[in-house]
Amino acid sequence: MIEKNKLKTNYAIHPGITLREKLEELKITPKEFAIRTGKPIKTISNVLNGKSSITPEMAVQFEKVLNIPASFWMAKQANYNEYVAREKEKKELTEAIEWSKKFPYNDLAKLGYVAFTKDAKEKAVNLLSFFNISKSKAWEEIYINQQVPAFFRISLKKSKNAYSLSAFLRIGEIEASKIDAPPFNKAKLKEILKNLKDIMNKESENFLEKIKEYSLSAGVKIIFTPALPNTAINGVVRWINDNPVIQITDRFKRYDIFWFSFFHEYGHIILHSNKKDIFLEEIGNTKSKSKEEIEAEADKFAEEFLLSYEDYNKIINKLNSLPDKTPSKILNIIKDFAEVLNIHKDIIIGRILFYDKSLYKYGFLQNELKKIDFEKLLKTQRENYE
């Protein structure tokens, strides 16, 4: 036999309505009932009108006056409270479903941050869990209205796609929390730059892990994240707790762009190591300088470290002096300079394709660039560890 109080209904009435009916039955006015229970008339009026709840203390007083157990009133109130809470949850879930449609859910599922599902409700619930929030409104408060500055120091209000970008940043937070790092050491960071450049030049298969290892020795956490849809960024630098975190993408799938972006982010740490700042290409957040100035300084750091302007001009002059600019001769000169300068050839090619318009017509150089794909590389590395 199923107990009546165990039945689930899709509606509930406020216990004040039941109280009003009982008072009418006993011909007791609200004012008289207030006097008999020792409660202010306003309190009783609010209960009768469904504006206030019946408290345990009130239920005991009602029991004495009406000879109806306090447990009856408390059960009525509990059922009503549960009904209101579930209705509120339904509304919030409906809002969350619409909110969740704006995220690259399938991409996050492929990366293992949410479970694969086609169910709209499950997607919403999974994304709420991914962001560690209970309702979609909280996402807006954190990422748009900047109501938790200690957690997230900038607003994505002006971002072209705040949803994908916030997911990208959340991945960084999750992965950074898994890494134990020593205190940040700026001097050590400068020392390992040469080691990182050597890793780039040698093209070792496990170069991603080597980058992490060297950086961690200086207290810098490195996160590799495959580029998410509509996140037009190559990387981001921010401080999470007491360590700088570089989160880098494979946005253009090019080896040269990856390394330039990597050293660009390193430049931010060395030149602009303010724990309150986050360096994100499409959003400016520093007060002392404009976004353009900050990014230009990081660009210059990466450019000079990888290939000085003086050496680059020597390469261009040599190429321009060629009487016969065949692909093989152009490529041989680039490779020769790469060997002499101890630099990866792709850095030279990338610089030419970006800066020197007179040589851009040699489209074959684009085909000489090494490709990079985090999903494939990270998968291979995981399989090697298993």
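### Looking at the overall build of the protein chain
- Looking only at helices and strands, the protein chain features 19 helices and 4 strands.
- By residue count, 43% of the 386 residues in the protein chain fall in the buried class.
- Total accessible area on the protein chain is roughly 21,400 Å²; 51% of this is exposed by carbon and sulfur atoms.

### Concerning the pairing of strand β3 (residues 243-249)
- Judged by how many residues are buried, β3 sits mostly within the fold: 7 of 7 residues are covered.
- Burial along β3 is two-sided: the residues Asn243, Val245, Gln247 and Thr249 and Pro244, Ile246 and Ile248 are all buried.
- Bridge count for strand β1 (residues 221-225) against β3 is 5 bridges, and the pairing is parallel. Among the inter-strand pairings, Ile222 is bridged to a residue of β3, identified as Ile246.
- Two elements, strand β2 (residues 235-240) and β3, share 6 bridges in a ladder whose sense is antiparallel. Across the sheet, residue Val236 finds its bridge partner in β3, namely Gln247.
- Between β2 and β3, which follow one another and run antiparallel, lie 2 residues, and Asn241 among them has a positive phi close to 60 degrees.

### Re the side chain of His272
- For His272, the position within the fold is in the loop between α13 (255-271) and β4 (278-280).
- Residue His272 is classed as buried on the basis of its relative accessible area, which comes to 10%.

### Examining the nonpolar core
- Core analysis: the biggest nonpolar cluster contains 50 residues, and Phe207, Ile211, Phe224, Phe258, Trp259, Phe262 and Tyr266 have the highest contact counts within it.
- At 8 residues, α13 tops the list of elements feeding residues into this core.
- Ignoring anything within four residues of it in the chain, the contact list for Phe258 reads Phe207, Leu208, Ile211, Phe224, Ile248, Thr249, Ile372 and Phe374.
- Ranked by size, the runner-up nonpolar core spans 31 residues in total, among them Ala96, Leu108, Phe131 and Val236.

### As for empty space enclosed by the protein
- This structure, assessed with the given rule, holds 2 cavities of 30 Å³ or more.
- One number sums up the size of the second largest cavity: a volume of about 40 Å³.
- What lines the second largest cavity is simply Asn234, Thr249, Asp250, Arg251, Phe252, Lys253, Arg254, Ile257, Phe258 and Ser261.
- Broken down by element, the lining of the second largest cavity gets its largest block of residues, 3 residues, from α13.

### Quick notes on unusual backbone geometry
- In this model, Lys27 sits at a positive phi of 55 degrees, which is unusual for a non-glycine residue.
- Turning to its location among the elements, Lys27 is positioned in the loop between α1 (15-26) and α2 (30-37).
- With a relative accessible area of 71%, Lys27 lands in the exposed category.
- Located in the positive-phi region is Glu203, a residue other than glycine, with phi close to 55 degrees.

### As for the packing of helix α4 (residues 56-66) against helix α5 (residues 70-100)
- Axis separation between α4 and α5 bottoms out at 8 Å; the angle between their running directions is 135 degrees. In terms of orientation, α4 and α5 fall into the oblique class. Crossing of α4 over α5 shows right-handed handedness. Facing Pro56, Ala59, Val60, Phe62, Glu63 and Leu66 of α4, the residues of α5 in contact are Ala70, Trp73 and Met74.
- Within the contact of α4 with α5, the residues separate by chemical class into 8 nonpolar, no polar and 1 charged.

### Thoughts on the side chain of Thr225
- Along the chain, Thr225 turns up in strand β1.
- Residue class for Thr225 comes out buried when judged on its relative accessible area of 1%.
- Those residues within four positions of Thr225 in sequence are excluded, and the remaining contacts are Phe168, Ile171, Gln247, Ile248, Thr249, Asp250 and Phe374.

### Observations regarding the confidence of the model for the protein chain
- Residues with a pLDDT of 70 or more make up 89% of the protein chain, whose mean pLDDT is 88.
- Throughout residues 1-7 the model reports pLDDT below 50, and contacts reaching past four residues in sequence, or to other chains, amount to 1 contact.

The rules behind the values
- Residues numbered from 1 in each chain as written.
- Predicted model: local features only at pLDDT ≥ 70, side-chain atom pairs only at ≥ 80, totals over all residues.
- Heavy atoms only, no water.
- Helix = DSSP H or I, 4+ residues; strand = E, 2+ residues; numbered from the N terminus.
- Buried < 20%, exposed > 50% of the residue type's maximum accessible area, 1.4 Å probe, protein only.
- Areas by Shrake-Rupley, 256 points an atom, 1.4 Å probe, with all protein chains shown as cover.
- Pairing = 2+ DSSP bridges.
- Core = buried A, V, L, I, M, F, W, Y, C linked by side-chain atoms within 4.5 Å.
- Contact = heavy atoms within 4.5 Å.
- 1 Å grid on protein atoms, 1.4 Å probe; cavity = no way out; pocket = protein on both sides within 12 Å on 5 of 7 lines; lining within 4 Å.
- Points joined across faces, edges and corners; volume = space filled by probe spheres on them.
- Axes fitted to C-alpha atoms, helices over the stretch in contact; angles between N-to-C directions.
- Parallel < 35°, antiparallel > 145°, perpendicular 65-115°, else oblique.
- Left-handed = near helix turned anticlockwise from the far one by under 90°.
- Nonpolar A, V, L, I, M, F, W, Y, C, P; charged D, E, K, R; others polar.
- pLDDT = per-residue confidence, 0-100.

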